[in-house]
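# Architecture at a glance
Each chain, written out:
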Amino acid sequence: DTEVTQTPKHLVMGMTNKKSLKCEQHMGHRAMYWYKQKAKKPPELMFVYSYEKLSINESVPSRFSPECPNSSLLNLHLHALQPEDSALYLCASSRSTGGGNYGYTFGSGTRLTVV
Amino acid sequence: GEDVEQSLFLSVREGDSSVINCTYTDSSSTYLYWYKQEPGAGLQLLTYIFSNMDMKQDQRLTVLLNKKDKHLSLRIADTQTGDSAIYFCAETTFNKFYFGSGTKLNVKP
């Protein structure tokens, strides 16, 4: 298995809703990431987990709450989002946080629309 | 790390070569990468180059690295319509991935 799987592929939520994005990999990677990508822009790093511990939080608002239940799973819990949070949310994983000669493996993303 | 620059657009005819350029900032980056993103999809790693190499060739892809000028390029030979996508260069600094702004490649039949 050489993939990062993200669910759901599309999500529409209201500003008062609570939802979660899920990410799964079975490559034995020990680093996992959440990125946010707005249209026609590069991905922007949100969170880095290394060995299931949060190692980097890029000053992300608390309405985004990451969770790493085990080495294969990464969740992003969403609450009280704003319309400007609408974007493509990408999960990625890598053998280690440095990337190395394998780089990061990305999932296909969750297209989030906040109404 | 954070100011990785690319030209925004490139248009070529099918069968021609495409050259996508990138200027990165961190001379200590060990690896530099090229990713491809098709509409509505995630990012696909195309190739990488180790910082002690000047060139790497992988089938239709050729990566050139000029460390002195911090310049990275991706050449796609015999460009096909399926190569139409956005191409991102990326460097790693302090365990963070920094992406360039992306170059949209349009391949005309």
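Everything here concerns the structure above.
Quick summary incoming for the structure in this document. All values derive from a computational prediction rather than experimental measurement.

### Quick look at the pairing of strand β10 (residues 96–99) of chain B
In regular strands, side chains alternate between the two faces of the sheet. Residue and element names in this part refer to chain B. Along β10, one buried face is formed by K96 and Y98 and the opposite face, lined by F97 and F99, is buried too. Of the pairings in the sheet, the one linking strand β9 (residues 85–93) to β10 comprises four bridges and is antiparallel in character. Note on β10: the bridge partner recorded for T93 is K96.

### Examining the pattern of salt bridges
Considering all chains together, one arrives at six salt bridges over all chains under this definition. Salt-bridge contacts for D85(A) lead to K36(A); the nearest nitrogen and oxygen are separated by 4.0 Å. Taken as a pair, D85(A) in the loop between β8 (73–79) and β9 (87–94) and K36(A) in strand β4 (residues 31–37) lie far apart in primary sequence, 49 residues in all. Among the salt bridges present, the one from D83(B) reaches R60(B), with a minimum N-O distance of 2.9 Å. In this pair, D83(B) sits in the loop between β8 (71–76) and β9 while R60(B) sits in the loop between β6 (55–58) and β7 (61–66), placing the two residues 23 residues apart along the sequence. For D83(B), a relative accessible area of 7% translates into the label buried. Connected through shared salt-bridge partners, K36(A), R63(A) and D85(A) make up one network.

### Digging into the side chain of S18(B)
Residue and element names in this part refer to chain B. Position of S18 among the secondary structure elements: in strand β3 (residues 18–23). The class for S18 is buried, based on a relative accessible area of 0%. At a separation of 2.8 Å, a polar atom in the side chain of S18 contacts the side chain of T79. With residues up to four places along the chain from it excluded, the contact list for S18 reads L10, V12, L74, R75, I76, T79 and L105.

So, how was this worked out
Residues numbered from 1 in each chain as written. Chains lettered and ligands numbered in written order. Predicted model: local features only at pLDDT ≥ 70, side-chain atom pairs only at ≥ 80, totals over all residues. Heavy atoms only, no water. Buried < 20%, exposed > 50% of the residue type's maximum accessible area, 1.4 Å probe, protein only. Helix = DSSP H or I, 4+ residues; strand = E, 2+ residues; numbered from the N terminus. Pairing = 2+ DSSP bridges. Salt bridge = Lys/Arg side-chain N within 4 Å of Asp/Glu carboxyl O. Polar contact = N/O pair within 3.5 Å; in protein donor to acceptor, adjacent residues only side chain to side chain. Contact = heavy atoms within 4.5 Å.

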